There are 2 protein chains.
Amino acid sequence: MARLPEYLRALHNLAETGHETISSEGLANAAGVNSAKLRKDLSQLGSYGTRGVGYDVGLLIEQIEYVLGLTQRRAVALVGVGNLGHALAGYDGFATRGFRIAALFDADPGRVGEEINGLVVRHIDELPQVAADESIAIGVIATPAAAAQQVADQLVAVGVTSILNFAPCVLSVPPGVDVRKVDLAIELQILSFHEHRKASLTAFPTTGGSALTALPNGFVVTESQEAIGT
Amino acid sequence: MARLPEYLRALHNLAETGHETISSEGLANAAGVNSAKLRKDLSQLGSYGTRGVGYDVGLLIEQIEYVLGLTQRRAVALVGVGNLGHALAGYDGFATRGFRIAALFDADPGRVGEEINGLVVRHIDELPQVAADESIAIGVIATPAAAAQQVADQLVAVGVTSILNFAPCVLSVPPGVDVRKVDLAIELQILSFHEHRKASLTAFPTTGGSALTALPNGFVVTESQEAIGT
DNA sequence: AGGCGCTTGTGAAGACGTGCACAAATCGCG
DNA sequence: CGCGATTTGTGCACGTCTTCACAAGCGCCT
Ligand SMILES: NC(=O)c1ccc[n+]([C@@H]2O[C@H](COP(=O)([O-])OP(=O)(O)OC[C@H]3O[C@@H](n4cnc5c(N)ncnc54)[C@H](O)[C@@H]3O)[C@@H](O)[C@H]2O)c1
Ligand SMILES: NC(=O)c1ccc[n+]([C@@H]2O[C@H](COP(=O)([O-])OP(=O)(O)OC[C@H]3O[C@@H](n4cnc5c(N)ncnc54)[C@H](O)[C@@H]3O)[C@@H](O)[C@H]2O)c1
């Protein structure tokens, strides 16, 4: 499940604040989900709760970390040490959440050799050698969109089977390779959509029956239109 | 729909490469989705396709931008000009995708006054005044997790109803306020989970011959494990 | 020992998303 | 003008996810 990491983060917070056990209600609250959903998720891992008491925080952390494959600290290769890449390279969230930045790569000779956070930027052509030494589990792409596909191909070629892509484009990869995408503009546009919807609703406070977005061509407001789900 | 921004990006690409019309198949391909799903999505906006021909790229861009509320360039306030905040402030993807960074805020007096990309960092206490001048549509939180809730409260207090949160924590906001979250570590952990799953599968080669070459660490896990859906 | 309150785990029902498959509609061409 | 090629729009079925509601289990207190 994609919610396990969220539970894990909440559990770590709880552990730091001294909680030994936690009820599904409390954990669901901390993770921002429904308690029934959380119980169903956790029951998939096995039954690690005690009725009448709750879940053992430490044990649950262990279990989730095992299922997520965080028992080994996975090596991450970051490609594209530009604006965003610098921020990522300097981010301590990698280390504290089970990952290790193993190498930084860039194509710009001007950037190669630069040291960031104790790591030296290497040229992208050195990727095969580095991959031979270190077993790279995950590749992160922070290059411009135009270069992303090429970088993805290079990562796949050296055996990387998981890619996190920050470039706003779709990557095509062979089966067996997982790609996740983070696109800031898409997040903003989704928020903008909700803003627009909220504005339309308050502008025409009808009975509030069916929520209907406004008209395309700037036509008269009396007309109504289908709502679009989230 | 959350897929509309993806379609929009693909459409802009198509427009730049000179396409006047595009079939659902072609657009679905460019956006990485099923063509039936895409047609169903677009049909929710109204019928802007021509059977036997496809969709008019320009018209469709207009329609989607309208529905997403991108006809006006929305003002974004960025709070927390640290490691990540710098990268975001210098990102041109805001401007090219329908947004405008209206103001930068930070609580550190040492950062206040710094100029980034033509914008001056202001103290977070000035937020009410700035919000009075500019109509801020979206707030972006790039502060440490410990400060995120407080910043969210401040944003809500000045009338912001959409928040993009980069801090790894859950925000509680009053109803009517939308929050979207971007958590890098969660993305990595989901990838790690799939890695773990793939490793378990290749460790016990049943019959299927996948094209994967190198074995993982030759690690043998005697314990079998439940498969968990994505 | 027994009862009581609390919490888990799960069955069932409903909502939702997805993809197939096909009728309807449009264009181009002879 | 008519026909075939092409593509949209959508009914339908199916699987997944979500939520409610409740029985079963556990610990504590009397
Ligand atoms: N900056 C942000 O806040 C932000 C936010 C969201 C998404 N993004 C996306 O992240 C990507 C990077 O953004 P940025 O602002 O850091 O851009 P940038 O131009 O500052 O950095 C890009 C880096 O990639 C390197 N590069 C180019 N081609 C390469 C290749 N083939 N192999 C290896 N390295 C290569 C460049 O030398 C440069 O250092 C872009 O696709 C952008 O759209 C950025
Ligand atoms: N750096 C990354 O690549 C990255 C990636 C993903 C998530 N994040 C998250 O983004 C957040 C910021 O990360 P960072 O690396 O930029 O941290 P950072 O410490 O470099 O920057 C945080 C900034 O927020 C400011 N700040 C603190 N409290 C504030 C307040 N109450 N009001 C206004 N500003 C305040 C600080 O002065 C500082 O400038 C963190 O929550 C981090 O977990 C960072």
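Check the entry above for the structure.
Conventions we followed
- Residues numbered from 1 in each chain as written.
- Chains lettered and ligands numbered in written order.
- Predicted model: local features only at pLDDT ≥ 70, side-chain atom pairs only at ≥ 80, totals over all residues.
- Heavy atoms only, no water.
- Near = heavy atom within 4 Å.
- Polar contact = N/O pair within 3.5 Å; in protein donor to acceptor, adjacent residues only side chain to side chain.
- Areas by Shrake-Rupley, 256 points an atom, 1.4 Å probe, with all protein chains shown as cover.
- Phe/Tyr/Trp six-rings, centres within 6.5 Å; stacked < 30°, edge-to-face > 60°.
- Buried < 20%, exposed > 50% of the residue type's maximum accessible area, 1.4 Å probe, protein only.
- Pairing = 2+ DSSP bridges.
- Helix = DSSP H or I, 4+ residues; strand = E, 2+ residues; numbered from the N terminus.
- Nonpolar A, V, L, I, M, F, W, Y, C, P; charged D, E, K, R; others polar.

Undergrad: So what exactly am I meant to see when it comes to the site of ligand 1 here?
TA: In the neighbourhood of ligand 1, 23 residues make up the surrounding shell, with N83, L84, D106 and T143 of chain A together with Y91 of chain B lying closest. Site remark: ligand 1 is flanked by residues from chains A and B. D106 of chain A has a polar side-chain atom sitting 2.5 Å from an oxygen atom of ligand 1. Between ligand 1 and the protein, one listed contact pairs an oxygen atom with a backbone N or O atom of T143 of chain A at 2.8 Å. When ligand 1 is considered free in solution it has 820 Å² of accessible area, and contact with the protein chains removes 82% of it.

Undergrad: Teacher, can you tell me more about the packing of aromatic side chains here?
TA: Given two aromatic rings, their pairing is described by the distance between the two centres and the angle made by the two planes. Residues and elements named next belong to chain B. On inspection of all chains with the given rule, the structure shows 2 aromatic pairs over all chains. Taking 6.1 Å as the distance between ring centres and 70° as the angle between the ring planes, the aromatic pair formed by Y91 and F94 counts as edge-to-face. For F94, a relative accessible area of 4% translates into the label buried.

Undergrad: I would appreciate a short explanation of the sheet that holds strand β2 (residues 49-50) of chain B in the present structure.
TA: Sheet strands associate in pairs through backbone hydrogen bonding, adopting either a parallel or an antiparallel arrangement. Residue and element names in this part refer to chain B. On the basis of which strands lie adjacent, the open sheet formed by 3 strands has the order β1-β3-β2 and antiparallel pairing. In the strand order of this sheet, the two ends are held by β1 (21-22) and β2, each with one partner. Examined bridge by bridge, β1 and strand β3 (residues 54-56) share 2 bridges and lie antiparallel to one another. Looking at β3, one finds that I22 is bridged to Y55.

Undergrad: Can you walk me through the protein's contact with DNA strand C in this structure?
TA: As a matter of local geometry, DNA strand C sits amid 25 residues, with S24, R39 and Y55 of chain A together with K40 and R51 of chain B nearest to it. In DNA strand C, atoms within 4 Å of the protein come from the sugar-phosphate backbone in 60% of cases. For DNA strand C, a phosphate oxygen lies 3.3 Å from a polar atom in the backbone of G49 of chain A. Contact distances for DNA strand C include 3.1 Å between a phosphate oxygen and a side-chain N or O atom of R3 of chain B. For the surface near DNA strand C, the leading source of residues is helix α3 (residues 35-45) of chain B, giving 4 residues. Residue composition of the surface near DNA strand C, by class: 6 nonpolar, 11 polar and 8 charged.

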